[in-house]
Amino acid sequence: MPKVTYFHEITFEDIPEGQTLLDVSIHHRIPHLHQCGGQARCTTCRIQILDGLSNVSPPSPLEKKVASERGWDEFTRLACQTHVHGDVVVRRLLDNSQDIIVLDLEELHGGSAGEGKELDLAVLFSDIRDFTTHSEQNLPYDIVHMLNRYFTAAAEPVLNNNGFIDKYIGDGILAAFGTRDESPETACRNAVRAALGMLEAARRLAPTLEQQFHVPLHIGIGIHFGTVILGRIGHPGKRQITVIGDTVNTASRIESMTKEFATPILLSDSVVSQQGYGVSRIDYDKLLRVLIGTLEEFLAEEFTPEVQHAWRTVYGMIAETMIEAAEN
Ligand code: FES
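One structure accompanies this document, and this report is about it. (Residues numbered from 1 in each chain as written. Predicted model: local features only at pLDDT ≥ 70, side-chain atom pairs only at ≥ 80, totals over all residues. Heavy atoms only, no water.)

Attention now goes to the sheet that holds strand 1 (residues 4-6). Strand order in this open sheet of five strands is 2-1-5-3-4, and the pairing throughout is mixed. In the strand order of this sheet, the two ends are held by strand 2 (10-12) and strand 4 (76-78), each with one partner. Going across the sheet, the axis of each strand differs from the next one's by a mean of 35 degrees, ignoring polarity. The sheet contact formed by strand 1 and strand 5 (residues 88-92) spans three bridges and is parallel. Its bridge partner lying in strand 5, Val4 is registered against Val88. (Pairing = 2+ DSSP bridges. Helix = DSSP H or I, 4+ residues; strand = E, 2+ residues; numbered from the N terminus. Axes fitted to C-alpha atoms, helices over the stretch in contact; angles between N-to-C directions.)

Here it is in structure tokens:
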């Protein structure tokens, strides 16, 4: 019976003849992305055949079409469409959603991305409040450690909501949503959900950073929706796919305004006005918790029970209006 080896990982023997490589992964609990459920519609299950190409089924017409659109060579295959008939050595090509997005940008927008391509995206800009001031009391290695802990926690919700992490700017994160041709509503909803997840991640990490490094961790997030230019920018020896344009600058300015408004998240009109952008009641509850925590910190003793009650009332009214708009 055929043998399937995952390069540098593990070998499975006695694989049933004709099983797909995706089924082999699933059966043996090997993490293997397959977003469309094996329908040849997403390419996230892609693998590279390192040895034994003649021992697997030839590409189906559907797979051939995908491969030619993306300029794949004969060794790059869809695991969900590739049946095993003999020994084979493979390597999974995508580990996480960031990989998928970068490859999509390269393969689908490849030529045009080099020149710059206009897209309508939701752009999220986040920043740690007063991080530079607070981190001055710490050693450079500690700052690197802190930032990596924070980026690991805060970037996860971005990736989990189909976001593309464009870059880290000091202690800030610039991310874009909608690069996979999602609708504006979906792009905005994903950006808002990512922002809520980032706040939650920061809230969970804050006590550790406070205790170990005496650095308070509070973040501000601005989100704007609009047209950006997506392009591969930089010296030919080191180019980077990035988004630029007024939408990005506006998202950054909105983030700055979160300090003035003493709020952790600020959305522009263009995000809010996406009809039915689908943020659920649970999301609003989560935001209320974060908002109250932030106001407590900023207003200190001025955040009296009466002020808190007023904030909760106003927030409740706004949230109800938006939920109603989203549901109708
Ligand atoms: S799982 Fe989507 S193409 Fe294979």
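After presenting the structure, the write-up continues.
Attention now moves to the packing of aromatic side chains. Taken as a whole, this structure holds three aromatic pairs when the rule is applied. Between Tyr6 and Phe12, the ring centres sit 6.0 Å apart and the planes meet at 80 degrees, which makes this aromatic pair edge-to-face. Residue classification places Tyr6 among the buried positions, given a relative accessible area of 2%. Ring pairs connect the aromatic residues Tyr150, Phe151 and Tyr168, which therefore count as one cluster. (Phe/Tyr/Trp six-rings, centres within 6.5 Å; stacked < 30°, edge-to-face > 60°. Buried < 20%, exposed > 50% of the residue type's maximum accessible area, 1.4 Å probe, protein only.)

Turning next to the environment of Pro59. Relative to the helices and strands, Pro59 is located in the loop between strand 3 (46-51) and helix 2 (61-70). Spatially, the C-alpha atoms of Pro59 and Leu78 are 8.5 Å apart, while their sequence positions differ by 19 residues. Beyond its immediate sequence surroundings of up to four residues, Pro59 is in contact with Lys64 and Arg77. (Contact = heavy atoms within 4.5 Å.)

To continue, consider the side chain of Ser270. When you line up the elements, Ser270 lands in helix 9 (residues 269-272). Within polar-contact distance, the side chain of Ser270 engages the side chain of His224 at 3.1 Å. At 2.8 Å, the side chain of Ser270 and the side chain of Ser268 are in polar contact. If near-sequence neighbours (up to four positions away) are discounted, Ser270 is found in contact with His224 and Phe225. (Polar contact = N/O pair within 3.5 Å; in protein donor to acceptor, adjacent residues only side chain to side chain.)

Residue placement: Glu63 occurs in helix 2. When the C-alpha atoms of Glu63 and Thr43 are compared, they prove to be 9.3 Å apart, with 20 residues separating the residues in sequence. Apart from residues no more than four positions distant in its own chain, Glu63 is found in contact with Arg77, Leu78, Gln81 and Thr82. A distance of 2.8 Å separates polar atoms of two side chains, one belonging to Glu63 and the other to Arg77.

So, about the pairing of strand 6 (residues 117-128). For strand 6, a buried count of nine out of twelve residues is recorded, marking the element as mostly surrounded by other parts of the structure. As defined by bridge partners, strand 6 adjoins strand 9 (residues 219-235) across twelve bridges and the pair is classed as antiparallel. The residue of strand 9 that forms the bridge with Ser126 is Ile221. Examined bridge by bridge, strand 6 and strand 8 (residues 172-177) share five bridges and lie antiparallel to one another. By the bridge assignment for strand 8, Ala122 is matched with Phe177.

Look at helix 6 (residues 140-160) against helix 7 (residues 184-213): their axes get within 7 Å of each other, and the N-to-C directions meet at 155 degrees. Comparing the axis directions of helix 6 and helix 7 gives the class roughly antiparallel. In terms of crossing hand, the pair formed by helix 6 and helix 7 is right-handed. Packed against helix 6, whose contacting residues are Asp142, His145, Met146, Arg149, Tyr150, Ala153, Ala154, Pro157 and Val158, the element helix 7 presents Ala194, Gly197, Met198, Ala201, Leu205, Thr208, Leu209, Gln212 and Phe213 at the interface. Taken together, the residues of the contact of helix 6 with helix 7 sort by class into twelve nonpolar, four polar and two charged. (Parallel < 35°, antiparallel > 145°, perpendicular 65-115°, else oblique. Left-handed = near helix turned anticlockwise from the far one by under 90°. Nonpolar A, V, L, I, M, F, W, Y, C, P; charged D, E, K, R; others polar.)

A few words on the pairing of strand 8. Burial within strand 8 is extensive, with six of its six residues counted as buried. Judged by which residues are buried, strand 8 turns out to be covered on both faces: Gly172, Leu174 and Ala176 on one side and Ile173, Ala175 and Phe177 on the other are all buried.

Function-wise, these values are silent; they only describe arrangement.
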